[in-house]
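Coordinate analysis (summary)
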Amino acid sequence: MTDATFIPLPGFVTYPEAEMLERAEHFLSEAKRRRTVREFSDRPVPRALIETCLQTAGTAVSGANMQPWQFVAVQDRGIKRDIRVAAEAEERAFYNGKAPREWLDALAPLGTDANKPFLETAPWLIAVFQQRFGVLPDGRRVKHYYATESVGIATGLLISAIHHAGLASLTHTPSPMKFLNRILGRPRNERPFLLLVVGYPAPNATVPDIGRKDLTDIATFV
Ligand code: IYR
């Protein structure tokens, strides 16, 4: 027995093959231009832009369509400062002892350290939370499936939407991130997934001189 209801597939567009390749190549060249930025301008970004990008994130595929994500978009200066203070405390512990030598060596080409001024400079921080289970209005719990995969997919869409809109982002993962629940007042079923820093790059922003693997290194055809 199923209580599924079906409707005709809405909105699917069929293109000529040549146009498909053109579209795919255009999307690739757009994606290649995306770089993670660590130096942000304080230039304001309208809330409507963030809202639209979050709606794109919300289109992500998810296990059993549970949509197990919650995004907290932070613009408030005081809250951003609280997040910076808490994140830098965790980062100092990480860089000054908790992180194994091997991990620090892997991070060396990125030039990162415990100072995170961008957490206050950038106009927006988006804290992404993964809901370990859902809660119905009557308090009953709903099981979530493949929540980590689902939130990862939604975050990828969010990063792409932000880039497509003409903004830069940084995926920041202070570890542990429990302080985000406290500062943002999120319930216990929500686990911080990552913190996305969003805004314009600083005028003279630089990025590490690192590259991406070739197709032959990341894909196999059989
Ligand atoms: N969370 C630290 C360390 C760090 C870890 C990874 I994995 C990176 O790709 C980059 C940084 C920090 O944000 O500095």
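Everything here concerns the structure above.
Residues numbered from 1 in each chain as written. Predicted model: local features only at pLDDT ≥ 70, side-chain atom pairs only at ≥ 80, totals over all residues. Heavy atoms only, no water.

This part takes up the sheet that holds strand S2 (residues 124–131). Strands sit in the order S1-S2-S6-S5 across an open sheet of four strands; the sheet is antiparallel. Each having just a single partner strand, strand S1 (69–74) and strand S5 (168–172) make up the two edges of the open sheet. The mean angle between the axes of side-by-side strands here comes to 25°, regardless of whether they run parallel or antiparallel. By the bridge criterion, eight bridges tie S2 to strand S6 (residues 190–199) in an arrangement that is antiparallel. From the neighbouring strand, Gln 131 faces S6, where its bridge partner is Glu 190. (Pairing = 2+ DSSP bridges. Helix = DSSP H or I, 4+ residues; strand = E, 2+ residues; numbered from the N terminus. Axes fitted to C-alpha atoms, helices over the stretch in contact; angles between N-to-C directions.)

Turning our attention to the nonpolar core. Phe 71, Ile 126, Leu 158, Ile 162, Leu 196 and Val 198 are the most contacted members of the largest nonpolar core, which has 23 residues in total. Of all the elements in the fold, those that place two or more residues in this core are helix H2 (47–57), S1, S2, helix H6 (147–165) and S6. With six residues, the single largest contributor to this core is H6. Not counting residues within four places of it along the chain, the set of residues in contact with Val 198 comprises Phe 40, Ile 50, Ala 122, Pro 123, Trp 124, Ile 126, Ile 162, Leu 167 and Ala 168. Counting residues in hydrophobic clusters, the runner-up holds 22 residues, among them Val 72, Val 74, Phe 118 and Leu 180. (Core = buried A, V, L, I, M, F, W, Y, C linked by side-chain atoms within 4.5 Å. Buried < 20%, exposed > 50% of the residue type's maximum accessible area, 1.4 Å probe, protein only. Contact = heavy atoms within 4.5 Å.)

The subject of this paragraph is the pairing of S6. Within S6, nine of the 10 residues are buried, which leaves the element mostly enclosed by the surrounding structure. Pairing geometry for S5 and S6, over five bridges, is antiparallel. Across the sheet, residue Ser 169 finds its bridge partner in S6, namely Val 198.

On to the site of the ligand, then. Contacts to the ligand come from Arg 38, Glu 91, Phe 94, Tyr 95, Trp 103, Leu 107, Leu 110, Thr 112, Asp 113, Lys 116, His 172 and Thr 173. One of the side-chain nitrogen or oxygen atoms of Lys 116 is found 2.5 Å away from an oxygen atom of the ligand. A distance of 3.1 Å is found between a nitrogen atom of the ligand and a backbone nitrogen or oxygen belonging to Thr 173. Relative to its unbound accessible area of 370 Å², the ligand is 73% covered by the protein chains. Of all elements in the fold, only helix H3 (77–98) and helix H4 (101–107) reach the threshold of two or more residues within the shell around the ligand. Among the elements that take part in the shell around the ligand, H3 stands out by supplying three residues, more than any other. Per-class residue counts for the shell around the ligand are five nonpolar, three polar and four charged. (Near = heavy atom within 4 Å. Polar contact = N/O pair within 3.5 Å; in protein donor to acceptor, adjacent residues only side chain to side chain. Areas by Shrake-Rupley, 256 points an atom, 1.4 Å probe, with all protein chains shown as cover. Nonpolar A, V, L, I, M, F, W, Y, C, P; charged D, E, K, R; others polar.)

For H2, the complete set of buried residues consists of Ile 50, Cys 53, Leu 54 and Ala 57. The buried side chains of H2 occupy one side of the element, clustering within an arc of 100° when seen end-on. Those residues of H2 hidden inside the fold are in contact with S1, S2, H6 and S6. (Arc of directions from axis to C-beta.)

The values reported here are purely geometric and, on their own, carry no functional implication.
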